[in-house]
Amino acid sequence: MSAARLRTHSIVIVGGGAGGLELATALARGQGRDVLLVDRHACHVWKPRLHEVAAGHGPGQVDEISYATLAEQWGFAFRQGELLDVLPDARMVRLAPVCDEDGHEIAPAESIGFQALVLAVGGVTPDLGVEGVAEHAFRLDDLVDAGRIFKTLSRGLLARVARGDSAAFDVVIAGSGATGVELASHLVEGHQCNTVAPRRDLPEVRVTMLEAMDGIMPGMADDVRANIRQRLEGQGVRIVTAAQVSRVTPGAVETEDGATHASDLTVWTTGTVGPEIASRIGALPTNDKRQWLVRRSLQSKASEAVFALGDCAVIEESPAPPTAQAASEQAAHLSRTIPAWLGGAAPEPFEYRNRGTVLSLAEGGSVAKFKTGFSDDLMINGRLARAAYRGLYRQHQFRILGPVKGTEHMIADVFEKAVSPRLKVFG
């Protein structure tokens, strides 16, 4: 292995998800700051759209964007790589070597110095210790996972078409959070499956959602949960609650009540914990969910030079939900406070503002529930709610692309002929 190299940047951001990429862009554009963004992948896809890729949309249809292109546009540096360790006392991060599919080293290990480090590496789906999950279920944590899910789906459908088998293709989704709900809705529509064969020749994609609690989407307001359940069941999704999964096999999902649910494709969407690397970095404390413990300023409890945002971190006194909305708010906060901190000022505390839940339900109708300053939340439906969902994604595009290119993407989407997912949820 090649010897590690060392270089230094003023601000190093590890993780190019919604929060990390928005932060890199905000710090770099118009300020000339020395910012380095590091990510395992070469391209960015907004995580709330991963279920669309899993159901068959190509990366181009969900606006896959090259980190290098954005780095060139805004003036920050980019390095493709994976976090190996953080040495806060030395103000240094270590990146693992980059290897190809055969394990051959493409780029050597590297040590990078920093004045301020931001960890924005996101979260992962835990297996909860359930037998067979690691071997027989898919998760939806990144673009690679999404591609694997659709590859399994499309190959399974193609095999049925080839042998003239009209039996339904069974998908079981464990968990009824936003990811599971969105994926179920999009899969049962089957809009993208005609890339395999003409739609008239395809077997039915039959979706079953299993939730361990008594109702779907725990933590959501009751009226929102009821609305979502009605829409899903109207689309044909079978929902089973109080169904604690006990084992996943190659062709079925078993629950503790003795039921067995046939499954040609099992997707595991049971919440979010921090990444495995968090438990291997001894210098930075974590909670029992492998999330880095941070102060209200989003600084690590072990080092004021290390910040963390999004799913990989938690403020124990006032935790924010594991959503793109929260990560985006934290990125905006750090884009102001990190430069001030580097200049000698004390960083201000972060305060999460819950803006509510937005659902876009195409021909099935739309609904949104916003937080207001009054005693009751504001509920809207139809075109206004659909516009509210689109607005969330437009905001992300404008933050990373700027007004000119963001507008170009918006106009292109207006003329996009691909069918949109019927149900989208953010909260």
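Residues numbered from 1 in each chain as written. Predicted model: local features only at pLDDT ≥ 70, side-chain atom pairs only at ≥ 80, totals over all residues. Heavy atoms only, no water.

## Some points on unusual backbone geometry
In step 1: Although it is not a glycine, Arg 91 sits at a positive phi angle of roughly 50°.
In step 2: Mapped onto the elements of the fold, Arg 91 is located in the loop between β6 (83-87) and β7 (92-95).
In step 3: Of note in this structure, Arg 290 is not a glycine but carries a positive phi near 65°.
In step 4: Along the chain, the position of Arg 290 falls in the loop between α8 (276-280) and β18 (292-293). (Helix = DSSP H or I, 4+ residues; strand = E, 2+ residues; numbered from the N terminus.)

## Section: the nonpolar core
In step 1: Core analysis: the biggest nonpolar cluster contains 53 residues, and Ile 13, Phe 76, Leu 83, Val 86, Leu 117, Leu 119 and Trp 292 have the highest contact counts within it.
In step 2: In terms of nonpolar packing, the next biggest core, distinct from the first, is built from 33 residues, Val 53, Ala 146, Ala 184 and Ile 228 among them. (Core = buried A, V, L, I, M, F, W, Y, C linked by side-chain atoms within 4.5 Å. Buried < 20%, exposed > 50% of the residue type's maximum accessible area, 1.4 Å probe, protein only.)

## Comments concerning the packing of helix α1 (residues 18-28) against helix α9 (residues 324-342)
In step 1: Direction vectors running N to C along α1 and α9 enclose 30°, while the axes themselves pass 8 Å from each other. Of the possible angle classes, the one that applies to α1 and α9 is roughly parallel. As for how α1 packs across α9, the hand of that crossing is right-handed. Mapping the contact onto sequence places Ala 18, Gly 19, Glu 22, Leu 23, Ala 26 and Leu 27 in α1 and Ala 324, Ala 327, Ser 328, Ala 331, Leu 334, Ser 335 and Pro 339 in α9.
In step 2: Considered class by class, the residues forming the contact of α1 with α9 number nine nonpolar, three polar and one charged. (Axes fitted to C-alpha atoms, helices over the stretch in contact; angles between N-to-C directions. Parallel < 35°, antiparallel > 145°, perpendicular 65-115°, else oblique. Left-handed = near helix turned anticlockwise from the far one by under 90°. Contact = heavy atoms within 4.5 Å. Nonpolar A, V, L, I, M, F, W, Y, C, P; charged D, E, K, R; others polar.)

## A look at the pattern of salt bridges
In step 1: One pass over the structure, following the stated rule, counts 15 salt bridges.
In step 2: Between Arg 163 and Asp 165 there is a salt bridge; the shortest N-O distance is 3.5 Å.
In step 3: We note a salt bridge from Arg 229 to Glu 233, for which the minimum N-O separation is 3.0 Å. Highlighted residues: Arg 229 and Glu 233, both in helix α7 (residues 222-235), separated by four residues, approximately one helical turn.
In step 4: With relative accessibility at 26%, the residue Arg 229 sits in the partly exposed group.
In step 5: Here Glu 233 falls in the partly exposed class, since its relative accessible area comes to 40%.
In step 6: Three or more residues joined by partner-sharing salt bridges are found here, namely Arg 7, Arg 79 and Glu 110. (Salt bridge = Lys/Arg side-chain N within 4 Å of Asp/Glu carboxyl O.)

## A short note on the packing of aromatic side chains
In step 1: Tallying each qualifying case throughout the model produces two aromatic pairs.
In step 2: Where Tyr 67 meets Phe 78, the ring centres are 5.2 Å apart and the plane angle is 25°; that geometry is what we call stacked. Separated by eleven residues along the polypeptide, Tyr 67 in helix α3 (residues 67-74) and Phe 78 in strand β5 (residues 77-80) bring together distant segments of the chain.
In step 3: Using a relative accessible area of 3% as the deciding quantity, one classes Tyr 67 as buried.
In step 4: Look at Phe 307 and Trp 341: their rings are 5.7 Å apart centre to centre, the planes differ by 80°, and that puts the pair in the edge-to-face class. Of the two residues, Phe 307 sits in strand β19 (residues 306-308) while Trp 341 sits in helix α9, which places them 34 residues apart along the sequence.
In step 5: Sitting over the ring of Trp 74, Arg 29 keeps its end group 4.4 Å from the ring centre. (Phe/Tyr/Trp six-rings, centres within 6.5 Å; stacked < 30°, edge-to-face > 60°. Lys NZ or Arg CZ within 6 Å of the ring centre and 35° of its normal.)

As far as function goes, none of this settles anything; it's purely spatial.
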